[in-house]
Amino acid sequence: SGDDDVNYLQPSDVSDSLDQTPTSTQGSAEATELKTRLLKLAASFDRGFASSPRASSEANDVIAQLQAMNPTSNANRGIDGYDSVTPLKGIWRLIWTSALDVVSLGANPLAAPSAIYQDIRDPPTAVNIIDFIPR
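Residues numbered from 1 in each chain as written. Predicted model: local features only at pLDDT ≥ 70, side-chain atom pairs only at ≥ 80, totals over all residues. Heavy atoms only, no water.

(A) Expanded view of the overall build of the protein chain. Counting its regular elements, the protein chain contains three helices and four strands. Secondary structure elements of the protein chain, listed N to C terminal, follow the sequence β-α-α-β-α-β-β. Summarising the internal contacts of the protein chain: among those between residues at least 6 apart in sequence, 65% fall at separations of at least 24. For the protein chain, the computed accessible surface area is about 8600 Å², with 51% contributed by carbon and sulfur atoms. (Helix = DSSP H or I, 4+ residues; strand = E, 2+ residues; numbered from the N terminus. Contact = heavy atoms within 4.5 Å. Areas by Shrake-Rupley, 256 points an atom, 1.4 Å probe, with all protein chains shown as cover.)

Pasting the structure below:
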């Protein structure tokens, strides 16, 4: 599957102490700038639900740059439940998506998706949590 099938998530309890950015000041500043850019895109285009092709392309570019800066090698290790070290373990909040199965949730005429989370506290089980609000 391609990048369009990937949901881009952020931990729901992000704090400066948990923020893993590169150790150099320049890298950290660049990562902060990229994260801010992604959050602005997410706010402007409803996390990808109302995205234009140009905004999707820009978001995917920002995400690719952030992925390249990720200091955690093999960040998805342990997700199968066979490794005690699981960097993705936790509850994650959706920031941006281009996944059709998620974006299509916004087409419901009666309810709109609100908060969307993925709970990976007990790998290999991942639970998707989607809050809907009336339109």
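(B) Main features of the pattern of salt bridges. Enumeration over the complete set of coordinates arrives at three salt bridges. For the salt bridge of Asp 46 with Arg 47, the shortest nitrogen-to-oxygen distance reads 3.4 Å. Overall, the relative accessible area of 14% leaves Arg 47 in the buried class. The shortest N-O distance in the salt bridge between Asp 119 and Arg 121 comes to 2.7 Å. For Asp 119, a relative accessible area of 12% gives the class buried. We classify Arg 121 as exposed; its relative accessible area is 51%. (Salt bridge = Lys/Arg side-chain N within 4 Å of Asp/Glu carboxyl O. Buried < 20%, exposed > 50% of the residue type's maximum accessible area, 1.4 Å probe, protein only.)

(C) Main features of the nonpolar core. Core analysis: the biggest nonpolar cluster contains 13 residues, and Leu 34, Leu 38, Leu 41, Ala 59, Val 62, Leu 66 and Trp 96 have the highest contact counts within it. For this core, the secondary structure elements donating two or more residues are helix H1 (25–44), helix H2 (53–69) and strand E2 (90–97). Considering each element in turn, this core owes the most residues, six residues, to H2. Residues contacting Leu 41, with those up to four places away along its chain left out, are Ala 55, Glu 58, Ala 59 and Trp 96. (Core = buried A, V, L, I, M, F, W, Y, C linked by side-chain atoms within 4.5 Å.)

(D) Region of interest: the pairing of strand E3 (residues 111–122). Bridging between E2 and E3 involves four bridges; their strand directions are antiparallel. Residue pairing for E3: Gly 90 is matched across the bridge by Ile 120. Between the end of E3 and the start of strand E4 (residues 125–134), which pair antiparallel, lie two residues. (Pairing = 2+ DSSP bridges.)

(E) Broad picture of the pairing of E4. Across eight bridges, the pairing between E3 and E4 is antiparallel. Looking at the pairing, Pro 113 lines up with Phe 132 of E4.

(F) Expanded view of the environment of Gly 78. Looking at the secondary structure, you find Gly 78 in the loop between H2 and E2. With 45 residues separating them in the primary sequence, Gly 78 and Pro 123 have C-alpha atoms 7.4 Å apart.

(G) Region of the structure containing the environment of Asp 46. Position of Asp 46 among the secondary structure elements: in the loop between H1 and H2. Each C-alpha atom of the pair Asp 46 and Thr 97 lies 9.6 Å from the other, and the pair is 51 residues apart in sequence.

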